[in-house]
Amino acid sequence: MCDDPIPPAVRDALRDYRRLLDEHGPAWGEDPITYVRQIETSAYLMDEQAFWITCLNLVVERFPGAGDAELEARMAELDPHEIIRAALAGQVLDNLAALRLAPGAPPRLEARPQAVLDGPFSTGLLLDSARDEPVTVTVGGEAYHLPPRGARLVRVTPGTPVTAGGESVSLAPLVRPARPATLRLRAGMPCRWSVTGADGQGWYPDGAPPRLDAHRRPYFHGDDLVLTVPAEPLTVRVTRGMEYTTEERTLTPGDGTVLELAPRRLYDAAARGWYGGDMHVHMNWTGDMVGTPGHAASVQHGEDLHLLNLVAGNVASERVYDREALEHWAGQDLPWSDATHIARLGVEYRNDLLGHLYAFGVDAPPGRYHTGFLGTADWPPNSEGCAELRDLGAVLGYSHPFHIPIDATAPPAFALTSGRNCSAREVVADAALGLIDSLDVLNHSSIHATAVVYRHLLGAGNRLAATAGTDAMLSFARRGNQSSPPGWERVYARVDGPLTAASFAEAIRRGRTFATTGPWLELDTAGLAPGDTLDAAPGDRVTITARTIGPEVAHLEIRTADGVLAEGPPPELTAELTVGEPTYVVAVASGPPHERSYHHTGAYAHTSPIYVHVGGRHVAREEDIAWCLEYLDAFEEILRAQATIETPAQLTDHLILLDEARSTYRSRRGA
């Protein structure tokens, strides 16, 4: 799919990433702050929440009464091997067998045997001691001294010699032999495929990354592909992103078996003038593999993802991953782009205390990509980064904004949780000053909390588009949602004319969007669509209709600045609005967990607003303005208490930004 030669600087960077992976493992030598420690466990703990809950429980148990700062510091000190053991709680994985060392009992191997056709095989082995005394386990001639109730992960093959406490342990049960067969898959277009055995073991074409999605389902992309598989019953599934159904067949392949199977369209967004994009995807961001332009091309076309924003960004140190790719391709469509698939290199601008921003459509690399890492100052405010990226032509918004579920009545402090947890804390100030274009309401963290904050921001008079960014990472084979395919959430933008990077960015600036985990969602207010403005008079009656497509939707809402106007089942909901004060109208679709939805909370879609102006006045509710002002006061307390500040002038810059935002909100009262 991407036949163009890789530029020398990009090729050298990829070579360097492979060296980092070989030398340091999946964390690639990054500063071992807590979320870097999580990276070390991600191949075994697909659920990111399992890591955080386990760490918190372990620290609270060992350090009762510890405050927030100590809890965060202690979590970074935990042994990742013990975290994995505790989080799995006795579970055995396909890529991690366990050697159990119980008191007074011989060593016991627990494993899910993997079918092996030919060639080498290796896997992880968890040395898990429940004994109250130290024990030595020798693996391949190397001695591992486990403390009482200790744990250790090692790599093994079925022939690796293992002894525990002097007793020999056979690893032959790790594998089972299987007779090989060949399977050819054809759909007539690039697709996402999954080939699994009855035991869930996945099979891939040669050279395809062995990736798992958030449902722990193996997948790969392409068309007319040949796989070597066991001559056993297999399930083949094929889909092509959220606009298509999933088709499935079960078969027992032999030599030269050909399966022709294609998904059906559920809806055709481009035919309606809408194009779906993922604003936040990393080609490389540490990981258990190295992502390449070829991987990105295969994924984008296999998911029929109209727009792909591959962001360059750091992790926990100075290194900016894929910076060389951005420097080479900035302002250009990537080589695999075509009339309905545009890929660009963008930026993730990052500060873990202030928040992270995506930037799409930059014409050149920025001078600054991040602040506040390795103990450096949380300065300048993110507003400076916004201004620079805007000058470079970017459309931008806050990514994965909030993490703790809140409801519409919750005070702002509930959104402003403590710690350097990447929450979009500066968003309320930057929105007021017109420095951002959107908010990733659809994200891999708390959609519902972000939607609550988004509606407060709209009600307080800010114009922001609802967008979506998955934070998917092509350099991870197993990391829950972040090893799911890009585009599992999308922002659909209503584009004028052909799809280009510029037309898509302009649609976001104009708010002509909705964001979704999969459902199609339409909103019509007196013939207007999201991003439009209705000029009305008090007493006018307006008909509002929301429509949705998608088997995962269970509930529809039409909301105004005052809350839910109407709700009901899909596929269509109509309500009458009698205009009083200025307001906005949005539609929301939701549903329970579903195989089409990769977010742990289930299906969700949210439109940008249709603005209802009355007598030339736009919405600016006192309740929402008060919420934003209270938020800014609470954010100031966090800055004073937690920000790394080197000079009084740096703090002053933050306070000036907050005061400007407060002044803006206050000026809207009674406007």
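Overview of the structure. (Residues numbered from 1 in each chain as written. Predicted model: local features only at pLDDT ≥ 70, side-chain atom pairs only at ≥ 80, totals over all residues. Heavy atoms only, no water.)

Strand order in the open sheet made by the four strands is β2-β1-β4-β7, with mixed pairing throughout. Sheet topology places β2 (108-110) and β7 (151-156) at the edges, where each strand pairs with a single neighbour. Direction aside, the axes of adjacent strands within the sheet are offset by 25 degrees on average. Inspection of the sheet shows strand β4 (residues 123-129) paired to β7 by six bridges, in the antiparallel sense. (Pairing = 2+ DSSP bridges. Helix = DSSP H or I, 4+ residues; strand = E, 2+ residues; numbered from the N terminus. Axes fitted to C-alpha atoms, helices over the stretch in contact; angles between N-to-C directions.)

Counted according to the given criterion, the structure contains 50 salt bridges. With a closest N to O distance of 3.0 Å, R319 and D16 form a salt bridge. Here R319 is found in the loop between β20 (307-314) and β21 (320-321), whereas its partner D16 is found in helix α1 (residues 8-24), with 303 residues between them in sequence. A relative accessible area of 29% means that R319 is categorised as partly exposed. The partner of R547 in a salt bridge is E522, and the shortest N-O contact between them spans 3.6 Å. With R547 in strand β32 (residues 541-549) and E522 in strand β30 (residues 520-525), this pair connects stretches of sequence that are 25 residues apart. Residue class for E522 comes out partly exposed when judged on its relative accessible area of 25%. A cluster of three or more residues bridged by salt bridges with shared partners is formed by R85, R100, R108, E110 and D128. (Salt bridge = Lys/Arg side-chain N within 4 Å of Asp/Glu carboxyl O. Buried < 20%, exposed > 50% of the residue type's maximum accessible area, 1.4 Å probe, protein only.)

Tallied over the full model, the rule gives 16 aromatic pairs. With a centroid separation of 5.3 Å and an interplanar angle of 50 degrees, the aromatic rings of Y267 and W520 are classed as tilted. In this pair, Y267 is assigned in the loop between β18 (257-260) and β19 (274-282) and W520 in strand β30, connecting sequence segments 253 residues apart. In this structure, Y267 and W520 share a single accessibility class: buried. Through a chain of ring-to-ring contacts, three or more aromatic side chains come together here, namely Y267, W274, Y492, F514 and W520. Against the face of Y611 rests R463, its NZ or CZ located 3.8 Å from the ring centre. (Phe/Tyr/Trp six-rings, centres within 6.5 Å; stacked < 30°, edge-to-face > 60°. Lys NZ or Arg CZ within 6 Å of the ring centre and 35° of its normal.)

Another aspect to go through is helix α3 (residues 48-62). The end-to-end C-alpha distance of α3 is 22 Å, a good match for the 21 Å that 15 residues give at a rise of 1.5 Å each. Within α3, the full set of buried residues consists of F51, T54, C55, L58 and V59. All buried residues of α3 fall inside an arc of 125 degrees around its axis, so they share one side. Among the structural elements, α2 (34-41), α4 (68-77) and α5 (80-88) are those in contact with the buried residues of α3. (Expected span 1.5 Å × (residues − 1). Arc of directions from axis to C-beta. Contact = heavy atoms within 4.5 Å.)

What follows deals with the nonpolar core. Formed by 121 residues in total, the largest nonpolar core has its most connected members in L310, V427, V428, L457, F504, Y631 and Y665. The element that contributes the greatest number of residues to this core is helix α12 (residues 622-642), accounting for 10 residues. When sequence neighbours within four positions are dropped, the list of residues in contact with Y665 reads V428, A432, L457, A460, N462, I625, C628, L629 and L632. In this structure, Y267, Y492, A546 and A605 belong to the second largest nonpolar core, which totals 29 residues. (Core = buried A, V, L, I, M, F, W, Y, C linked by side-chain atoms within 4.5 Å.)

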